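Below, each chain spelled out in residue letters.
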Amino acid sequence: MLDGECNPDRPPLPRDAGTHRATSVDFPVCVVLPAGGTGERTGLQTPKQFWSFLERPLISYTIDAFERVSWIQDVVVVVAKENLDQMSGIVQRFGHRKVRVVTGGSTRHRSIYNGVQALAEDRPEVVIIHDAVRPFVEEDFLSKITLAAKEHGAAGAIRPLVSTVIATTSEGFLDHSLERAKYRASETPQGFTYEVISQAYQRSSESDLEFGTECLHLALQHCHINAKLIPGPPTLWKVTYRWDLAAAGSIIKEPMLQSACVVSGDSVHAATLITALQKALHMKLHVVTDLSAEKHTFLLKEWNYIQVSVDVCCRSDIEALVTQLEVEKRVLQYPLVIIWLCLNTSNGKSCSTTEGKKPAITDLASSLEHKKILLYGIQLPTPQDSDCWETSVLKVSDLISVLVKERSPALVGQLLQA
Ligand SMILES: Nc1ccn([C@@H]2O[C@H](COP(=O)(O)OP(=O)(O)OP(=O)(O)O)[C@@H](O)[C@H]2O)c(=O)n1
Ligand SMILES: O=P(O)(O)OC[C@@H](O)[C@@H](O)[C@@H](O)CO
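Analysis parameters
Residues numbered from 1 in each chain as written. Chains lettered and ligands numbered in written order. Predicted model: local features only at pLDDT ≥ 70, side-chain atom pairs only at ≥ 80, totals over all residues. Heavy atoms only, no water. UniProt positions renumbered as here; feature names shortened; annotations may be inferred. Helix = DSSP H or I, 4+ residues; strand = E, 2+ residues; numbered from the N terminus. Buried < 20%, exposed > 50% of the residue type's maximum accessible area, 1.4 Å probe, protein only. Contact = heavy atoms within 4.5 Å. Areas by Shrake-Rupley, 256 points an atom, 1.4 Å probe, with all protein chains shown as cover. Near = heavy atom within 4 Å. Polar contact = N/O pair within 3.5 Å; in protein donor to acceptor, adjacent residues only side chain to side chain. 1 Å grid on protein atoms, 1.4 Å probe; cavity = no way out; pocket = protein on both sides within 12 Å on 5 of 7 lines; lining within 4 Å. Sits in = over half its atoms within 2 Å of the grid points. Nonpolar A, V, L, I, M, F, W, Y, C, P; charged D, E, K, R; others polar. Pairing = 2+ DSSP bridges. Axes fitted to C-alpha atoms, helices over the stretch in contact; angles between N-to-C directions. Parallel < 35°, antiparallel > 145°, perpendicular 65-115°, else oblique. Left-handed = near helix turned anticlockwise from the far one by under 90°. pLDDT = per-residue confidence, 0-100.

- As annotated in an unreviewed UniProt entry, the protein chain carries the name D-ribitol-5-phosphate cytidylyltransferase and is attributed to Takifugu flavidus.
- The heading Subcellular location (unreviewed entry) in the UniProt record of the protein chain holds the text "Cytoplasm, Cytosol".
- According to its UniProt record, the protein chain has this under Subunit (unreviewed entry): "Homodimer."

**Here's the deal with the overall build of the protein chain**
- Each helix and strand counted, the protein chain has 12 helices and 17 strands in total.
- When the 418 residues of the protein chain are sorted by exposure, 50% land in the buried category.
- If you take every contact in the protein chain between residues at least 6 apart in sequence, the share linking residues at least 24 apart comes to 76%.
- Total accessible area on the protein chain stands at roughly 20,600 Å², and carbon and sulfur atoms take up 53% of it.

**Structural notes on the site of ligand 1**
- As a matter of local geometry, ligand 1 sits amid 19 residues, with G36, G39, R41, S111 and K238 nearest to it.
- At 3.0 Å, a backbone N or O of G37 approaches an oxygen atom of ligand 1.
- When each cavity is represented as a set of grid points, ligand 1 is found to reside in the largest pocket.
- Sorting the residues of the shell around ligand 1 by element identifies β1 (29-35) and α3 (108-117) as the ones contributing at least two each.
- When the residues that make up the shell around ligand 1 are grouped by side-chain class, the tally is four nonpolar, nine polar and six charged.

**Comments concerning the pairing of strand β12 (residues 304-310)**
- Of all seven residues that make up β12, seven are buried, and the element is covered over most of its length.
- The alternating pattern of β12 places N304, I306, V308 and V310 and Y305, Q307 and S309 on opposite faces, both of which are buried.
- In the sheet, strand β10 (residues 259-263) pairs with β12 via three bridges, with the strands oriented parallel. Counted as the bridge partner of V262 is I306 from β12.
- Summarising the sheet, β12 and strand β13 (residues 336-344) pair through seven bridges and their orientation is parallel. Counterpart to Q307 in the pairing with β13 is W340.

**Some details on the sheet that holds strand β17 (residues 415-417)**
- Overall, parallel pairing links the six strands, which are arranged β11-β10-β12-β13-β16-β17 in an open sheet. This sheet does not close on itself; its edge strands, each paired only once, are β11 (284-288) and β17. Averaged over all pairs of adjacent strands, the angle between strand axes in this sheet comes to 25°, irrespective of strand direction.
- Sitting on the sheet, helix α11 (residues 360-369) is in contact with β13, β16 (373-381) and β17, with an inclination near 160° to β16.
- Across the sheet, helix α12 (residues 389-406) touches β12, β13, β16 and β17, and the angle it forms with β16 is around 170°.

**Digging into the packing of helix α10 (residues 315-327) against α11**
- At a closest axis distance of 11 Å, the pairing of α10 and α11 adopts a crossing angle of 15°. Here α10 is positioned roughly parallel relative to α11, judged by the angle of their axes. Note on packing geometry: the crossing formed by α10 with α11 is right-handed. In contact with R315, I318, E319 and V322 of α10, α11 contributes A360, D363, L364 and L368.

**Focus on the confidence of the model for the protein chain**
- Across the protein chain, pLDDT averages 89, with 89% of residues at or above 70.
- Counting contacts from residues 1-19, a segment whose pLDDT is below 50, to residues more than four positions away or on other chains yields 25 contacts.
- Reported confidences for the modelled complex are a pTM of 0.80 and an ipTM of 0.98.

**What to know about the sheet that holds strand β8 (residues 184-193)**
- Strand order in the open sheet formed by seven strands is β3-β2-β1-β4-β8-β5-β9, with mixed pairing between adjacent strands. In this open sheet, the two strands that pair with only one neighbour each are β3 (99-103) and β9 (228-231). Direction aside, the axes of adjacent strands within the sheet are offset by 25° on average.
- Pairing of strand β5 (residues 154-160) with β8 involves seven bridges; the strand directions are antiparallel. Bridge pairing links I158 to S186 in β8.
- Packing of α3 onto the sheet brings it into contact with β1, β2 (72-79), β3, β4 (126-129) and β8, and relative to β1 it is tilted by some 150°.

Take a look at the structure:
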């Protein structure tokens, strides 16, 4: 019998606190992601795990959260038979390299059990079980759950209850209420030694598999293991209803709107404007003279760019930036924004030199839209040529914030005035 294996005739020995307590994950860990449900409570045809944000399905974000963790070996994704091809396509399209796809069952427990059995030939020390519709999971918390599972046999994430739990009579009246302070909501990730979770499922009844919702309970009932419970962050919540999808989309997009790469050129006017914008904008601005230098390539991962030009007709500035983005092979799942800031001195030729009847930006913007690049223009006078410079800067700041946040197709190719 393997260490930690369950023997219903003899509950496992109490785990000696003096045994070696791992402080880092230096043992094999695999993940089972149950994703075999239909998401009925969202009211949508598309199962919520396949609902896309920025043209990428929710489950791909969850898988990514685990693939970023170096000490996780395999991620077993469990999907309904009818979604096997779709899931394989997602693995290929988004380059998921740690994933194995297996067929789910009629209930969550049956799906998880299928996932656990898929690991039987190359047993990990610890199995993390995590709902595929909880995409916001961090390595630090995964480590806590994993180490606790190795030490105690099982571990689970908990969150405070936000509503009191009450028991009802068969006639639908209040029978009694539970003291909320004594109870917690059970979330995922959960962790188990392979022996515990495999034995717990092997000993489960059909009723357990059909009606149960709690893996920790199976470990207690069938292996006498009291899971270690670890308070987790609010972001562990499960996408269940349609409004959860809106919340998830907002959280996914948020980091993409918080910074921008500013290509300033070497103009003094541009430097003055950028200094003012750094004070006015609630965004992190990474300012470079140009993006050609090797050390700046990390900035080509940005989702927002501000190209500053002064006077001369600067279509080539934008085209040079787009070329560099294409060299980076940016798979644009999410529209990328370029804001062309055109500073005009009183005696200079306007950047917005019209070619025929339309400003130069309009044609350029049209040629970029199919690349998912949204080009917007803002024109403003230089500080010396404006007696309302501060007002112009605040106007530019407001326009940049709105253009980045809204990414409105209606304003693409427009030259806005500040
Ligand atoms: N037969 C099932 C049912 C559910 N799950 C998965 O278990 C997780 C949590 O379940 P839940 O939120 O209930 O998902 P659904 O069952 O899809 O939702 P609903 O109950 O609204 O249909 C989800 O990732 C879901 O895909 C699964 O793998 N196999
Ligand atoms: O019950 P549902 O199928 O909606 O979701 C599964 C949850 O119950 C489960 O993820 C946690 O409670 C942890 O067991």
